[in-house]
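Coordinates in review
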Amino acid sequence: MVLDPNPKLQIFANSRTYLGPDAIDYARKHGLCTICGVFRTHERKKTRIFRKAAMTPITVTNNKGVTTVYKGHCISATCYQSVDQVRIKLGEIPGRRQSKNSKPASHPSSAVNLLHSPPPSNKRPVHISPQPQFSSRQGSKPSSLAAPTTNQTTTDTHEEMPRSARRFRPEAAVQEPPMPPFIPAEQKNSMQTTAVEKLQSSNSDLNQSHSTIGSNSSWANNSSNDVKESANVAALNGGGIPQLSLSADRASMHPIIAEFREALAAGDYVRFLNALDQKGRNADLVVEGLGLFRMKIAKDQRKRPNGVVLGGSNWMKAMTTPFDTYCKEKEVIVSGLLTMLTLSNLPGNYKGPITKKGGVDVLLKLLDVYSTDAEIIELVCAAFASLTINEKGGLNGKSEKVTKVVRQLAELLCSSDQVGREYSLLPLCNLSNQRKRLVETGRSPWYDVRDCLATAQGTGAIAEVLEFKDIHPAAAEAGLSLLWKLSVPKDEQDKGGSFTLTPEIIKSIVACMKRFNSYGVVLAGSRALANLALRTDFPAEWAGASVESIEHFMIENSSQIDEEMAICFLHAFCNLFANDSTRTPILSNSECLQSSLILFDKFPSSEALVEFGCLAIAHAGVESKETKQLVVNLGGLDLVREAFHEHIVTTDADHSPEVKDAIFCAVASLSGCETGAKHIMESQLLNKLHGALAVEQDDDFRSVLGVAIRNTTNGVATSTQAELRQQPGLFSYLIQNADSEASVVALLEDLNSLGEASFEAYGNGGFDALLSSMGKYRDSAGVQVQGCQALAQVFYYLPFTNLDAPTQLPTGGWAVLYGLPAIETMQYAIRMHRKHTEVQHEGFCALSNFLAPICTLDSYSEEKMVVGQWLEAGLNDILDVMNENAGDVTIQKRGMNVLWSCFCLCSSEILQRWKLGALQRIFDTMTLMKGDDEIFISACDALMGEREDSESLNFMGESIIVHLVESLVSDNVEVASRAVAVLSILLKNVFVASSHAMQVPNFIVTLLSCMSKNQTNCDIQIYVCSALESLMNFEDDSLRAEISRGGGLDAISNSIRLHGTNPKLVDFACRVLSLFVSSVNDAKMVASLRNSLGDTLTAALEAHVDSAGTESAVMDALWSCCSHDDYFKRLLITNGSLGMIVQVMTLHLGSAEVQRSGCSLLWILSSYGSGKDTIGQFGGVAAVINALLAHNESTTVQKEGLTALKNLATASQNKNMIEEAGGEDAVLYALWIHYKHPQVISSAFSALNNIAVDSATKSVKLMNEKTIEICVFAMSRFPMDETVQKNVCFYLKSLSYSPANLEMICQYRDQVIPLLHAASDTFPQSCRDRARSVIGKMKKFGSRKFRR
């Protein structure tokens, strides 16, 4: 017996405890036993000078002559049991030490007697001495058992097993529940279930699995059933698992079962397996032991999925011994198979030992011995399935027995009179998936499977088994997968067997697909049908049923069809269409075509699906023209055209030749009917075919394209317009070769009639040809009209990218559209044909469409500046045309749009001489065409382009204001919106506009009526609020009263409530509220604020946390409300809004406006009731101090923040918060930075005073060393500022209550006392008493110090 160092060793030495590896190292260095750590087994003996003495093993004998240490090995109860054990280990006993790989041939677990050794004799059982447990992390070898010895000098000498006979890795003891009690076999038989039931119960969800055969086996997962079996046994024997200690009725328990349980409960598999091997004297003991072992190993291994529970491989010998010893006991065989099946399904390398150490031989023998027992055959096949499901580490081509396994399983499958035939399908299918090659043949196991089954007998057997009524879905899936693989056509070098197709095979495939209707079965069946449909001997009578089996799944389980399944289905359809014997019966039902097109359209980006879909269309089209017509009507040509565009025209990658060939064939096939040819013409596909033909190099592809083009051309009659419709790319050639003005006009008319379909004509130089023709016939009004109409369509539909940059056309071509040549062409047409209104209509429309997208660019965009310079030459022409055609509504409308674009694009220098004339034109048009909504809208849009130029708007008279006010009541929302927008711009930018507006009768009432009438229009609400803000900035309090009487407050409140999510509206509305509420003096009006506003503002505050400007406006409005009515203070303090205010301030710390508004709102709330305490609880103290620190240069933020901090500092619970947040330092920073601002200085000293004084504890904080210097500086700089002087005196008086502070003040007595006298004399009412108090304390402190 070899013992390794104890991983749990503990040694106490040198005032410390050594544990585990540290203890082992200590023992080795000091010559102690590495197992017990008590006895010395080695000592140092110097052999050379200047060399450290090496540890040498010693032998120790006590005074009684008993050897306690033998050659470095400790002999004790916890270590080696006797000297003989050590001598056996050292090989000192002749003939007793075994070699590493040898074992007695007569041993029951030897390889020779694995299946044929007799039952064990009644000799004394092997005793295994207690062994220390160790962890595999220590790197030590696993313990083994000592060899048997005949040197039995005492009655206590133990019989030992050969060292190589058992190489188990013992595991660390785990506190596990003991195994269930022993049950006799006759009682156990009544509770066992068959393996089939277990397998089906543990794999009830197989039909929902989408994995392929070989990757998910249903019979390879029996370990869970094993645990269930053991759990059932436990339940029947007491209702549960007892605790770790043995039960009280141990005396009634079989002692060997008790020993099994003790070993397993301690995790000592070595002891258990030895006990099972030597003491398993009857079948009941073996069955029970194996059951306990299965439950324990499954539990331990699942707890340690990445660890080693049962190491080595010799344990397999103990597993195979019962199969030979009790070969006629079915309970033992079943239990052994369940154990093997459990181990093969557990994580860890258990399959390798099972495969290499006799497990395969046992399974093969059982196939012969129990050929008539269905239960055992099922378990054997399940074990084979588990071993082959993953060839890594299991049964694979590297195993010598794999060929024999394949043959025996194939014989089982093909034996018509043998039970359990269906169970062989799954392991055979798994073996067919393996790739590792046999050493002897250099081929994978698949070739052995094919050689055995690719015969009439083999395929017939599969078909026969598939029709079994009780066949499991997994077996059916495996059988169909085998048929699929066997039906794959062989290459020329393959000399294997040939597949024999019979109607029974197709019948069985179709029956399985319809019976189970599950993903895996239908996928495997469709694969088999796809391969078999290629054969000329495919039975035509089963073609329709084959299609129905696929369509049945498509109807019942459409959601389960993924890309892989769609490809298989479409592949099967494609091959059935290609087969001359099956095409006609299938296409007699149009639903088959429709199903194939549905699959084609399901995953359009899949190349494989596109390939099979197009080939299916091409093969179906061979049947007749009616079939082609049906495909086109069902949308097949649209799918082909989309596939052509995606996989050939637009893709940058190399085209797959198979996909390209399939698409070309489908187009060529469908072009053979008139409907298809016409559809190809109208959908612009013909032009793409011409383009593909021009670049194609492959002769076969060129031939197919030529067929498609000829079929299309011959199928549709042509004319000039039809020719353009068919091939818009010919436009450039046609217009350049036009020989007269009339022919150009006719060609352009035909082109414009195509609408958006004409855009393809502008590629390949077509757009340049259009501009060239307009320049060539510049004097022709007809050419200019049609040309400008074409340009208007181009600029309306095609997007702007960059100036003088190519724009991609919808069909894939490129053309430079937006450039100087286009603008010059349009300007010249407008200039040369002023008297021709139709030219002006189309020219203005084209120019407006050209400029519109450029106006939306960034203000500093270079493109806008360039286009503005291009427009300069034509500005006067635009005004002249509008003035000369003042009565033409169309010219005025489109001209307004052009003027608006010019305002947006041209610089102020360019517009200087032209702008006043343009504005005058706009005003005259509005006056002349009063009542025309479109003119009014266009004019307002143009005016809004000049919103920033107040000088240009200044000359506008009162009449335009009146016109705008009258338009506010229009029922046309667009008119009202434009009117109030222009009005708000004028009120904001033109000083006299507000006085003009107020002179209009009922102006405020009309404005508020527009707001109330259009409550749902957010833009109108924004512009009205903007106008009201401008008015209140210019007018007196009478305006506010008029707004109040007109219901303005309610209108604004409703606007916020309806459009509270629009930050711009809330911003404007809250600013109006702030201005309005700040002037409220009427008590009734103040009370109405509660009903009008209420929770509206708090909801707006919560809705715009991310908008700094909006939050600032909302908090300003809340401040105004709080300043007039305590109701709002109570509302904000009690409804949790304080937390939102603090959150907004924290989120927008970088915004000075938010911090100013937040600090203002906090200081006014802190002055009410329990506000200061509640603010502190919500983190308001830190928010205020952060605002002071983050914006220490902002005077407004400092004033509001210091005021808030002054109020908050009066609450005792806020003192610590202020100190932790650095509140005093923030105030000192404000004093130094804003030393020129007396208001900041005054507020700062007031805050310092409240921070220093704690009224609750009646204590004063120790002042900062620099504070007295600041006090002196402030009093010196602002001697005439009463507030500064008063607050400094107050602060100094508070500080003087502390002796330490008073001492620091006295250090500056020469400066402080004169300043205090001056403040006392200057401001006697506010400073005299405080100044005298400080002076008196300073004098008294000085006299005491002098006396001392």
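The rules behind these values
Residues numbered from 1 in each chain as written. Predicted model: local features only at pLDDT ≥ 70, side-chain atom pairs only at ≥ 80, totals over all residues. Heavy atoms only, no water. Helix = DSSP H or I, 4+ residues; strand = E, 2+ residues; numbered from the N terminus. Buried < 20%, exposed > 50% of the residue type's maximum accessible area, 1.4 Å probe, protein only. Contact = heavy atoms within 4.5 Å. Patch = residues over 30% accessible without salt bridge, like charges linked within 9 Å, V, L, I, M, F, W, Y side chains within 5 Å. Areas by Shrake-Rupley, 256 points an atom, 1.4 Å probe, with all protein chains shown as cover. Salt bridge = Lys/Arg side-chain N within 4 Å of Asp/Glu carboxyl O. Pairing = 2+ DSSP bridges. Axes fitted to C-alpha atoms, helices over the stretch in contact; angles between N-to-C directions. Phe/Tyr/Trp six-rings, centres within 6.5 Å; stacked < 30°, edge-to-face > 60°. Lys NZ or Arg CZ within 6 Å of the ring centre and 35° of its normal. Parallel < 35°, antiparallel > 145°, perpendicular 65-115°, else oblique. Left-handed = near helix turned anticlockwise from the far one by under 90°. pLDDT = per-residue confidence, 0-100.

The secondary structure content of the protein amounts to 70 helices and eleven strands. Counting all 1348 residues of the protein, 54% fall into the buried class. For the protein, restricting intrachain contacts to residue pairs at least 6 apart in sequence, the fraction spanning at least 24 positions comes to 70%.

Moving on, we get to helix α16 (residues 445–453). Residues that lie three or four places apart on an α-helix share one face, since the helix turns once every 3.6 residues. Within α16, burial applies to P445, W446, D448, V449, R450 and L453. Where the residues of α16 are buried, they touch α14 (402–414), α15 (425–432), α17 (456–466) and α18 (473–486).

What follows covers a nonpolar patch on the surface. The grouping of L1189, Y1229, W1232 and I1233 at the surface amounts to a nonpolar patch, some 380 Å² of accessible area in total. With three residues, helix α64 (residues 1223–1233) is the single largest residue contributor to the nonpolar patch. Judged by relative accessible area, which is 34%, L1189 ranks as partly exposed.

With respect to the helices and strands, the residue T1174 is situated in helix α60 (residues 1171–1177). Sequence spacing of T1174 and I1133 is 41 residues, and the spatial spacing of their C-alpha atoms is 7.1 Å. With residues up to four places along the chain from it excluded, the contact list for T1174 reads I1133 and L1138.

Before going further, it helps to examine unusual backbone geometry. Unusually for a residue other than glycine, K71 sits at a positive phi of about 50°. Of note, K71 is situated in the loop between β6 (67–70) and β7 (73–74). Residue classification places K71 among the partly exposed positions, given a relative accessible area of 38%. Even without a glycine there, the phi angle at N1002 is positive, about 55°.

Attention now goes to the side chain of S861. Residue placement: S861 occurs in the loop between α38 (837–855) and α39 (862–871). Residue classification places S861 among the buried positions, given a relative accessible area of 12%.

It is worth spelling out the sheet that holds β7 at this point. Pairing within the open sheet is antiparallel, and its three strands lie in the order β5-β6-β7. Strand pairing shows two members of the sheet lacking a second neighbour, β5 (60–61) and β7, which therefore form its edges. Bridge count between β6 and β7: two bridges; the pairing is antiparallel. When the bridges of β7 are listed, V69 appears paired with C74. Across the face of the sheet, helix α2 (residues 83–90) comes into contact with β6 and β7 while running at roughly 15° to β6.

Enumeration over the complete set of coordinates arrives at 27 salt bridges. Here E464 and R421 are joined by a salt bridge, their closest N and O atoms 3.3 Å apart. You can see E464 sitting in helix α17 and its partner R421 sitting in the loop between α14 and α15, a full 43 residues away along the chain. Owing to a relative accessible area of 3%, R421 belongs among the buried residues under this scheme.

On to the packing of aromatic side chains. All told, the structure shown has 18 aromatic pairs when counted by the stated rule. Judged by centre distance (6.4 Å) and plane angle (75°), the rings of F767 and F795 are edge-to-face. You can see F767 sitting in helix α35 (residues 766–776) and its partner F795 sitting in helix α36 (residues 781–797), a full 28 residues away along the chain. Neither F767 nor F795 differs from the other in exposure class; each is buried. Ring centres of F1245 and Y1291 lie 6.0 Å apart, and the angle between their planes is 50°; this geometry places the pair in the tilted category. Highlighted residues: F1245 in helix α65 (residues 1238–1252) and Y1291 in helix α67 (residues 1282–1295), separated in sequence by 46 residues. Following the ring pairs from residue to residue traces out a cluster consisting of Y762, F767, F795, F800, Y818 and F850. In this arrangement the basic side chain of R778 is found over the ring face of Y828, its NZ or CZ atom lying 4.3 Å from the centre.

Moving on: the side chain of K1129. With respect to the element layout, K1129 can be found in helix α57 (residues 1126–1134). Assessed through its relative accessible area of 11%, K1129 is described here as buried.

Before going further, it helps to examine the packing of helix α43 (residues 915–928) against helix α44 (residues 933–944). Put simply, α43 and α44 touch, their axes get as near as 10 Å, and they point 155° apart. As far as their axial angle goes, α44 and α43 are roughly antiparallel. Pair α43 / α44 crosses with left-handed handedness. Of the residues in α44, those touching α43 at L919, I922, F923, T925 and M926 are I935, F936, A939, A942 and L943.

The subject of this paragraph is the confidence of the model for the protein. Per-residue confidence for the protein averages 77 on the pLDDT scale, and 81% of its residues sit at or above 70. Note that residues 47–51 has pLDDT below 50 and, in this model, zero contacts with residues that lie over four places away or in other chains. Here residues 95–252 scores under 50 on pLDDT; set against residues more than four positions off or in separate chains, the count is 333 contacts.

Attention shifts here to the packing of helix α52 (residues 1048–1058) against helix α53 (residues 1063–1077). α53 packs onto α52 with a crossing angle of 150° between their chain directions and a minimal axis gap of 10 Å. As judged from the angle between their axes, α52 and α53 are roughly antiparallel. Between α52 and α53 lies a crossing of left-handed hand. When α52 is examined against α53, the residues L1049, I1052, S1055 and I1056 are found in contact with a partner set consisting of L1065, A1069, C1070, V1072, L1073 and F1076.

For the rest of this paragraph, the subject is the pairing of β6. Regular strands have side chains that alternate between both faces of the sheet. In this structure, β5 lies alongside β6, joined through two bridges in antiparallel fashion. Residue pairing for β6: T61 is matched across the bridge by T67. Connecting β5 to the next strand, β6, in antiparallel fashion are five residues, including G65 with a positive phi near 85°. What sits between the antiparallel neighbours β6 and β7 is a turn of two residues, in which K71 has the positive phi angle 50°.

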